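Descriptive structure summary
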Amino acid sequence: MEIPDDNVKELQQTSEVVEKLAADPAAFKKAYAAYKANDPVEFEAALTKVGIAERCHVVCVFFCRKHCVGICGKFCPKPANVEVNAEEMLAYARAVGPLFRDEAIVRRFLDIMKAEDVKAWAEIIKEYKLEPYCHQLCSLLFSWRCRKSCHELCPAKPLITNVGNIPVTQIDALGYGNGPDVLHLYVPAPDPANGVGDHPFGANIAIKGIFNMATATEYLVEISSTGAGGTYNPLIVGPQNGYDTVPPQLPDPPPAILATEPASPPAPPPILFIRSRTQSTGLDPGWFKIDEITDSDGGRATTGEKLLLTWPSSPPDGVYYLRLRVRDALLNTRVSSPQVVRIDNTGPFPLPRPIITLQLKKPDGTLVALKCGKVRKGDGLILITIQAFDPNMSTVSVTARGNSGLSVPVIDTSLTPLSITYNGILANEGYVAPTQFLWDPWSDPNIVPCCYLIYVDINDRTILNGVWYGGHSNEGWEAIEIGL
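My aim in this report is to walk through the structure given alongside it, one point at a time. All values reported here derive from a predicted model rather than from experimental measurement. (Residues numbered from 1 in each chain as written. Predicted model: local features only at pLDDT ≥ 70, side-chain atom pairs only at ≥ 80, totals over all residues. Heavy atoms only, no water.)

**Some remarks on the overall build of the chain**
We count it as follows: Secondary structure is summarised from DSSP: a helix means a run of H or I of at least four residues, a strand means a run of E of at least two, and numbering begins at the N terminus for each. Only C-alpha atoms enter the radius of gyration; for comparison, a globular chain is expected to reach 2.2 Å times N to the power 0.38, where N is the number of residues. Type-normalised accessible area, obtained with a 1.4 Å probe on protein chains alone, sets the label of each residue: buried when under 20%, exposed when over 50%, and partly exposed for intermediate values. Residue contacts follow a heavy-atom distance rule, with two residues in contact if any of their heavy atoms lie within 4.5 Å.
Helix and strand content of the chain: 8 helices and 24 strands. Here the chain has a C-alpha radius of gyration of 34 Å; the compact-globule value for 484 residues is 23 Å, and the former is much larger. Dimensions along the principal axes, computed over C-alpha positions, put the chain at roughly 105 × 85 × 55 Å. Burial analysis of the chain (484 residues in total) assigns 41% to the buried set. Within the chain, contacts between residues separated by at least 24 positions form 71% of all contacts whose residues are at least 6 apart in sequence.

Now the structure itself:
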């Protein structure tokens, strides 16, 4: 029977994580001691030391299952040599089912397992005539114990859930986000052939998250420019504005005069109050109080997704890592896994605008500069030189624009369109170096005698202010008159 790929991947990932922990014997022993003591703080500290804190559950299950094998070997020293079939499983279900309806018996089994009391185990197995099912019962009870233990050792972490209207599940390991956005309004689904997809982020970036800590009272978002395991600092932003919804206040009803008195007027609409909240300052900066979160940002409860802050990102461009840190009144703290984000607030290049030059290439090969020049059929071909690029290029288009809205894509003499898209290739930045093309406008039936502006337009893929509408853009042009 072929093993499904998911099982293979899970085993490989478990092996990789455990190997990292085993490479540091001190951290390994510290993690195992914390597992035995059911101490989540020390367990996380040991895993953090070797950079695998986000794989807490994997390590816990590894320890628990290995521990299970050892304990069950002591509890059940006789080999399990019965054939497991439908009849055997039916008998096992009939033997165990009625017992586990009794809470006192269940607790007795679990206490014996927690104490790892071999003698008490042998007595209870004999008492209920469960000798044939010793291994199965031990494994079953340990699976329950592991589930509870790993839930306690690896409590749910805070989560950054959304960056710039893009769910973090749609942000790749390089920090690029892909639509659609959560509302299917602001960022379209990927269409690399038309320049859409693999979006960096820029301008004002809304960051949302979940605390996963019922007792939390404060939170901050922190940022690192030195890698996921690098140095993090509080992300300091300005006042965060939101609104609270105040229920409508009905006026007191007038004293009744007549039984036929008209009904009270309809309730007024809710009132919206704009409120600002700010971060802590001083020696412990960057914290927001959860009980100051406005209704519009998710409200003051510790449950549910919140608009944590809006980050006015700025250069330098590059890859950053964000984390959500929460704490309670006793300063118990939990930290999310790093979330990678790629920032782009500049370009396209070269600055101040893309370069385009036109030259007439005569039949004898000589070149003549064309600046608002007039050319006729037979004078030669037009040599176009372009330079327009961006590290996150979306599209470069080259068009000849005449009067009455005429716009014709420029295609060179080898039938290669000068307009391009990144087409899903991240390394495609456009025309990084000056690139030349020969153009024969008289071979294009869409070109009529006219004055033209030859445009080069470039757009990048950056989601700006939570919206993608072409990102940053720039253009350059040269004028030419094309005659017969």
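There is more to say after this.
**Structural notes on the side chain of Asp 344**
Condition: For this count, His and the chain ends are skipped, Lys and Arg are scored as positive, and Asp and Glu as negative. What makes a salt bridge here is a side-chain nitrogen of Lys or Arg within 4 Å of a carboxyl oxygen of Asp or Glu, nothing more. Pairing of N or O atoms within 3.5 Å defines a polar contact, subject to two protein rules: one partner must be a possible hydrogen donor and the other a possible acceptor, and residues neighboring in sequence count only if both atoms are side-chain atoms.
Mapped onto the fold, Asp 344 is located in the loop between β13 (339-343) and β14 (355-361). Here Asp 344 is buried and forms no salt bridge, its nearest opposite-charge partner Arg 461 lying at an N-O distance of 7.7 Å. At 3.3 Å, the side chain of Asp 344 and the side chain of Thr 462 are in polar contact. The residues contacting Asp 344, other than those within four sequence positions of it, are Pro 200, Phe 201, Gly 202, Asp 317, Asp 390, Asn 392, Asp 460, Thr 462 and His 472.

**A look at the sheet that holds strand β21 (residues 430-439)**
We apply this condition: Think of it this way: DSSP has to see at least two bridges between two strands before they count as a pair. For helices, the axis comes from a line fit to the C-alpha atoms of the stretch in contact; other axes are also lines fit to C-alpha atoms, and the angle between any two N-to-C directions lies between 0 and 180 degrees.
Taken together, the 4 strands give an open sheet; going across it, the order is β15-β14-β17-β21, and neighbouring strands pair in antiparallel fashion. Where the open sheet ends on each side, the last strands, each with one partner, are β15 (367-369) and β21. Averaged over all adjacent pairs, the angle separating strand axes in this sheet is 25 degrees, with direction ignored.

**Considerations on the environment of Asp 284**
Structurally, Asp 284 is set in the loop between β8 (271-277) and β9 (288-289). Given the relative accessible area of 37%, Asp 284 is considered partly exposed. C-alpha separation for the pair Asp 284 and Ile 223, spaced 61 residues apart in sequence, amounts to 15 Å.

**Describing the state of the cysteines**
Should the sulfur atoms of two cysteines be covalently bonded, the bond is a disulfide. What counts is decided by this rule: The rule for a disulfide is simple: a pair of cysteine sulfur atoms within 2.5 Å.
Under the counting rule described, the total for this entry stands at 5 disulfides. What pairs with Cys 60 in a disulfide is Cys 150, and their sulfur atoms sit 2.1 Å apart. Disulfide Cys 60 to Cys 150: torsion about the S-S bond roughly -95 degrees, handedness left-handed. Remark: Cys 150 occurs in helix α8 (residues 134-153) and Cys 60 occurs in helix α4 (residues 56-75); sequence separation between them is 90 residues. With respect to burial, Cys 60 and Cys 150 carry one shared label: buried. The connectivity of the disulfide-linked cysteines in the chain, indexed sequentially, is 1-10, 2-9, 3-8, 4-7, 5-6. You can see Cys 372 has no disulfide; the closest cysteine sulfur is in Cys 451, sitting 8.8 Å from it. In this structure Cys 372 comes out as exposed when scored by relative accessible area, which is 61%. Not engaged in a disulfide, the cysteine Cys 451 finds its nearest cysteine sulfur in Cys 450; these two sulfurs lie 5.9 Å apart.

**Points about the sheet that holds strand β10 (residues 306-312)**
With antiparallel pairing, 4 strands are arranged side by side in an open sheet as β2-β1-β4-β10. The outermost strands of the open sheet, each flanked by one partner alone, are β2 (166-167) and β10. In the sheet, strand β4 (residues 204-210) pairs with β10 via 6 bridges, with the strands oriented antiparallel. Bridging from a neighbouring strand, Asn 204 pairs with Pro 312 of β10.

**Topic: a nonpolar patch on the surface**
The following threshold applies: Exposure above 30% relative accessible area and no salt bridge define the residues that can form patches, which grow by joining like charges within 9 Å and nonpolar side chains of Val, Leu, Ile, Met, Phe, Trp and Tyr within 5 Å. Working definition of accessibility: Shrake-Rupley area with a 1.4 Å probe, residue cover restricted to the visible protein chains.
Nonpolar side chains collect at one region of the surface, where Val 182, Leu 183, Leu 185 and Tyr 186 lie side by side and expose about 390 Å² of accessible area between them. Looking at the secondary structure, you find Leu 183 in the loop between β2 and β3 (201-202).

**Here's the deal with helix α3 (residues 40-49)**
This is how the line gets drawn: What the arc describes is the spread of directions from the helix axis to the C-beta atoms.
Residues of α3 that are buried include every one of Phe 43, Ala 46 and Leu 47, and no others. Taken around the axis of α3, the buried residues stretch over an arc of 95 degrees, which confines them to a single face. Those residues of α3 that are exposed and angled more than 90 degrees off the buried face are Val 41 and Lys 49. You can read the cap of α3 off the contacts: a side-chain oxygen lies 3.1 Å from the backbone nitrogen of Val 41, and it is on Asp 39.

**What about the pattern of salt bridges?**
Taken as a whole and assessed by the stated rule, the structure comprises 19 salt bridges. Among the salt bridges present, the one from Glu 478 reaches Lys 371, with a minimum N-O distance of 2.8 Å. With Glu 478 in strand β24 (residues 473-483) and Lys 371 in the loop between β15 and β16 (373-376), this pair connects stretches of sequence that are 107 residues apart. According to the relative accessible area criterion, Glu 478 is buried, its value standing at 11%. Members of the salt-bridge network, linked through shared partners, are Glu 218, Asp 284, Lys 289 and Arg 327.

**What about the nonpolar core?**
This is how it is decided: The nonpolar core is taken to be a set of buried Ala, Val, Leu, Ile, Met, Phe, Trp, Tyr and Cys residues, with the residues joined through side-chain atoms within 4.5 Å.
Residues Leu 21, Phe 43, Phe 109, Trp 121, Leu 137 and Phe 142 are the most contacted members of the largest nonpolar core, which totals 47 residues. Looking at this core, the elements with two or more residues in it are α1 (5-22), α2 (25-37), α3, α4, α5 (86-96), α6 (103-115), α7 (118-127) and α8. Here the element with the most residues in this core is α4; it accounts for 11 residues. Look past the residues within four positions of Phe 43 in its chain and what remains in contact with it is Ala 31, Ala 34, Tyr 35, Cys 56, Val 59, Cys 60, Phe 63, Leu 153 and Cys 154. Counting residues in hydrophobic clusters, the runner-up holds 32 residues, among them Ile 207, Ala 216, Ile 290 and Leu 308.

Everything listed is a geometric property; what it means functionally is a separate question.
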